[in-house]
Amino acid sequence: MAKRIKAMRGTHDVLPEQASRWRAIEDEFAKICRQYGYREIRTPIFEATELFERGTGFSTDVVQKEMYTFEDKKGRRVSLRPEATPSVIRAYLEHSLAKQGKVLKLFYLGPMFRYDRPGAGRYRQFHQLGIEIIGTPSAVADAEAIVLLWEFLRGIGLSGLKMRVNSLGCEKCRVEYSRLIREFLKERLERLCDDCHERFERNPLRVLDCKQEMCKAVVAEAPEIGSILCEACQEHLAEVENLVSQANVDYYIDSRLVRGLDYYTRTVFEVFHVSSGVDNSLGGGGRYDRLVEDLGGPQTPAVGFSAGMERIAQALEADGVDVKGESRLDVFIAPMGKQAFPTAFKLALDLRQALSVWLEFDDRKIDRQLRSASRLGARFAAIIGSEEISKGIVKMKDMISGEQFEVPQSEALKWLKHRLKEDSLE
Ligand SMILES: [Zn+2]
Ligand SMILES: [Zn+2]
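Residues numbered from 1 in each chain as written. Chains lettered and ligands numbered in written order. Predicted model: local features only at pLDDT ≥ 70, side-chain atom pairs only at ≥ 80, totals over all residues.

### Quick notes on the sheet that holds strand S14 (residues 378–384)
Okay, step 1: Reading across from one edge, S13-S12-S14-S15-S16 is the order of the five strands in this open sheet, with mixed pairing throughout. Strands with a single pairing partner mark the edges of an open sheet, and in this sheet they are strand S13 (357–359) and strand S16 (404–408). Ignoring which end each strand starts from, the neighbouring axes of this sheet average 25° apart.
Okay, step 2: In this fold helix H13 (residues 366–375) packs onto strand S12 (329–335) and S14, with an angle of close to 170° to the strand it touches most, S12. (Pairing = 2+ DSSP bridges. Helix = DSSP H or I, 4+ residues; strand = E, 2+ residues; numbered from the N terminus. Axes fitted to C-alpha atoms, helices over the stretch in contact; angles between N-to-C directions. Contact = placed C-beta atoms within 7 Å.)

### Let's talk about the nonpolar core
Okay, step 1: Membership of the largest hydrophobic core comes to 77 residues, with the highest contact counts inside it found for Ile131, Ala145, Ile146, Leu149 and Met163.
Okay, step 2: Examining the composition of this core, we find that 10 residues originate from one element, helix H5 (residues 139–155), more than from any other.
Okay, step 3: If we ignore the near neighbours within four places in the chain, the residues touching isoleucine 146 are Met163, Val244, Val249 and Phe269.
Okay, step 4: Of all hydrophobic cores here, the second largest spans 21 residues; its members include Val331, Phe332, Leu351 and Leu416. (Core = buried A, V, L, I, M, F, W, Y, C linked by C-beta atoms within 7 Å. Buried ≥ 20, exposed ≤ 12 C-beta atoms within 10 Å, placed from the backbone.)

### Considerations on the packing of helix H12 (residues 341–351) against helix H15 (residues 412–425)
Okay, step 1: Look at H12 against H15: their axes get within 9 Å of each other, and the N-to-C directions meet at 50°. Compared by their axis directions, H12 and H15 come out oblique. Remark: the crossing between H12 and H15 carries right-handed chirality. Residues Leu347, Asp350 and Leu351 of H12 pack against Ala412, Leu413 and Leu416 of H15. (Parallel < 35°, antiparallel > 145°, perpendicular 65-115°, else oblique. Left-handed = near helix turned anticlockwise from the far one by under 90°.)

### Digging into unusual backbone geometry
Okay, step 1: If you check the backbone angles, serine 96 has positive phi at about 45° while not being a glycine.
Okay, step 2: Within the secondary structure, serine 96 is located in the loop between helix H4 (85–94) and strand S5 (104–113).
Okay, step 3: Here serine 96 falls in the exposed class, since 9 other C-beta atoms lie within 10 Å of it.
Okay, step 4: Non-glycine residue asparagine 248 carries a positive phi angle of around 60°.
Okay, step 5: Inspection of the secondary structure assignment puts asparagine 248 in the loop between helix H9 (231–246) and strand S8 (251–253).

### Structural notes on H13
Along an α-helix, residues three or four positions apart point the same way, because every turn accommodates 3.6 residues.
Okay, step 1: For H13, the buried fraction is low: one of the 10 residues fall into the buried class.
Okay, step 2: Once H13 ends, the next one or two residues include glycine 377, with phi positive near 75°.

### Re the pairing of strand S7 (residues 161–167)
Okay, step 1: Alignment of S7 against strand S9 (residues 267–273), held across seven bridges, turns out to be antiparallel. The residue bridging leucine 161 from the neighbouring strand is histidine 273, located in S9.
Okay, step 2: As paired strands, S7 and S8 are joined by three bridges and run parallel to one another. If you follow valine 165 over to S8, its bridge partner there is isoleucine 253.

### Some points on the sheet that holds strand S11 (residues 302–308)
Sheets are built from strands that pair by backbone hydrogen bonding, the pairs being arranged parallel or antiparallel.
Okay, step 1: Read across the open sheet, the eight strands follow the order S1-S5-S6-S11-S10-S9-S7-S8; overall the sheet is mixed. With partners counted over all chains shown, the strands left at the sheet margins are strand S1 (39–40) and S8, one partner each.
Okay, step 2: Here S5 pairs with strand S6 (residues 125–134) via 10 bridges, running antiparallel. Bridged to methionine 112 within S6 is phenylalanine 126.

### What about the environment of glutamate 171?
Okay, step 1: Among the secondary structure elements, glutamate 171 is positioned in helix H6 (residues 171–186).
Okay, step 2: For glutamate 171 and alanine 313, which are 142 residues apart along the polypeptide, the C-alpha to C-alpha distance reads 37 Å.

### Observations regarding the environment of cysteine 196
Okay, step 1: Looking at the element boundaries, cysteine 196 is found in helix H7 (residues 194–202).
Okay, step 2: Those residues in contact with cysteine 196 that lie beyond four places of it in its chain are Val207, Cys210 and Cys215.

### A few points about the packing of helix H1 (residues 16–35) against H5
Okay, step 1: For the pair H1 and H5, interaxial distance at closest approach is 10 Å and the crossing angle is 140°. On the basis of their axis angle, the class for H1 and H5 is oblique. In this structure, H1 crosses over H5, and the sense of that crossing is right-handed. Along the contact surface, H1 presents Glu28, Phe29 and Ile32, while H5 presents Leu148, Glu151, Phe152 and Gly155.

What is shown is where atoms sit, not what they do.
In structure tokens:
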């Protein structure tokens, strides 16, 4: 036998049972987004590397260490997207979507790629869903993003959630805070990890989200951004808080929340599952008032979030919530003998107008076919042999009670729909 090839490290297959749950989660997300007035956008999974260098930020770990970057056959530098926001903004500018209205509300879902150390719940190809609100500086938009994320996660059945919120300030506040942090860290450089020495040179604020214990200990004593926020930024945060608490979001202000990307201004937020811990966020986002400009557009304030499918699926599992996917099979059609296949094939065609139907492919003994039907979880088996064909009927077997019924072939769809409806009423 030829050598088998395995999936690459850091990737995973979403097998049918899991995939039907994913589909249900994605459908819920699309549904709530439409309820909030968002429309879907799909962008390519690879882009010019420069988009992420300028968008995600040159000093971030994502761009410095984790991007899948390669040269294509023409020598262009290409990267698999590590996140969707820069792509969405590129598309927004490229297609002049601003013409469609003052504010644009978009949602997306799909795979993202980061060359990170694979670990529990961390993959090199992972999947995100998210939204962007482009074109408003309003705190109401920040609150809408937070509430939408919260309502989505609650809606699919998660409990024990907490949202942490912070403000990173405006341009003015950030320059001031950056200066403060640089001064603070300068005195304590010997207590930081090697990576943080580099971070200190590139962008000292990046030290604040180092995961190393030694660095966390230093950061715990660092000055908080809240202490230097300008009046306008304080008001903005207060307005977000006021709106979010009206929606019963269980949140708190966490002045240590910085998030790992360069583009955030003012509001940032993250939602986590209390039992998995604050470091395992299910999703988060924030306001990014400079990004559109950084990517060559006019000054355009925006806010958004993304959430991780793998993390959400794990949290649902931990909560013991089974999101109902559509794995239900209504009927298994079991032809008896080769000559029954044309009639069975025609019956499948009829029933598939409304039901989920499995048609047996091979000429097998009936008891084997019924065993397959029960393994597939079929609600009914429709048995057709030469006798049934000559009488113009089909033998319906209730796979739960074992009862059998003779039903005219022309009535089969009506009969099954009626029985399945009774099931749903029980
Ligand atoms: Zn400010
Ligand atoms: Zn560090």
